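Coordinate inspection notes
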Amino acid sequence: MTLQQEIVGNAMQMAVVNLNPGQTVYCEAGKFLFKTTNVTMETRLGGPSSGGQQQGAGGSGGMGGILRQAMGTAMQVGQRALAGESLAFQYFTSQGGEGTVGFAGVLPGEMRALELDGTRAWLAEKDAFVAAESTVRFGIAFQGGRSGMSGGEGFVLEKFTGHGTVIIAGAGNFIDLNPADFGGRIEVDTGCLVAFEEGVQYGVQRIGGLNRQGLMNAVFGGEGLSLATLEGNGRVILQSLTIESLANALKKAQGGDKQGPTGGMFSTHAG
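The secondary structure content of the protein amounts to four helices and 18 strands. When burial is assessed residue by residue, the protein has 45% of its 271 residues classed as buried. Put simply, of all contacts in the protein between residues at least 6 apart along the chain, 78% involve residues at least 24 apart. Carbon and sulfur atoms make up 55% of the accessible area of the protein, which amounts to about 13300 Å² in all.

This is the structure:
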């Protein structure tokens, strides 16, 4: 069942979700705004990928089933801790009729509802997840090797699988692209990537070589040493504002800008 939701607002959007009786939606802790009184709220460590929403249900396989569930929850919590994500989810279920619950991101920007049909997963930058219906599984994807460690978003991505609606948020305005429409490959600032469909290949490449122009790009270009690369055929969502640029703008407005005229790899983030 598709989640009935409406994204409202402009500079700081929020999602208003209408729940059918018995329908459940979950969000990352800290993304909840409001709810009607007939919507129950429960905070759990377990997410749908570890069967967290079925705690206390029958047919769990006795002590062995409880132990497997506990181990699955512990592994999921451990992954989220390593990724720097929230350790808990909040679950909202409508009781005795239709209910309404509202969610929002943490930065000025847009939100987007993605529909999963079970054939393709979606991957998103860290902290992009806002809420999803309980049929969508939330996981952590670790990008291996040099590409992940060099990316501006770190080597951690959020991964959504299953069927149903997932709501994500980013900073600034969104633009949807498909690498297939641009010769099969696009290169973007590592901080501008919000989400992409499974099947699109994500990597990180150095900007130029270790020559004069490469050093000029790194020192004066403001992009550092790397760009994200996206290849294949599938949807890609980019954001116009990066967390780093927002932080630098706030520092500059407060008279604490440490970036100076060079930007790039000579930027400092000390207060």
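Relative to the assigned elements, A29 resides in the loop between β3 (24–28) and β4 (32–35). With 14 residues separating them in the primary sequence, A29 and T43 have C-alpha atoms 8.1 Å apart. Dropping the residues within four chain positions of it, A29 is found in contact with S86, A88 and Q90.

The next point concerns the sheet that holds strand β16 (residues 201–206). Where strands meet in a sheet, backbone hydrogen bonds hold them as pairs that are either parallel or antiparallel. Read from one edge of the open sheet, three strands run β14-β17-β16, paired in antiparallel fashion. Looking at which strands have only one partner, the edges of the open sheet turn out to be β14 (185–188) and β16. Strand-to-strand twist of the sheet, defined as the mean angle between neighbouring strand axes without regard to direction, takes the value 30°. Sheet topology note: the β14/strand β17 (residues 226–231) ladder contains four bridges and is antiparallel. Directly across from E187, in β17, lies its bridge partner T229.

For the rest of this paragraph, the subject is the packing of aromatic side chains. What the rule picks out here adds up to 11 aromatic pairs. Summarising the aromatic geometry, the rings of F89 and F138 are spaced 5.3 Å apart at their centres and angled 70° between planes, so their arrangement reads as edge-to-face. Separated by 49 residues along the polypeptide, F89 in strand β6 (residues 89–94) and F138 in strand β11 (residues 136–142) bring together distant segments of the chain. Residues F89 and F138 agree in their burial class; the two are buried. Centre to centre, the rings of F92 and F103 are 5.6 Å apart; their planes meet at 75°, and the pair counts as edge-to-face.

Cut-offs and rules
Residues numbered from 1 in each chain as written. Predicted model: local features only at pLDDT ≥ 70, side-chain atom pairs only at ≥ 80, totals over all residues. Heavy atoms only, no water. Helix = DSSP H or I, 4+ residues; strand = E, 2+ residues; numbered from the N terminus. Buried < 20%, exposed > 50% of the residue type's maximum accessible area, 1.4 Å probe, protein only. Contact = heavy atoms within 4.5 Å. Areas by Shrake-Rupley, 256 points an atom, 1.4 Å probe, with all protein chains shown as cover. Pairing = 2+ DSSP bridges. Axes fitted to C-alpha atoms, helices over the stretch in contact; angles between N-to-C directions. Phe/Tyr/Trp six-rings, centres within 6.5 Å; stacked < 30°, edge-to-face > 60°.

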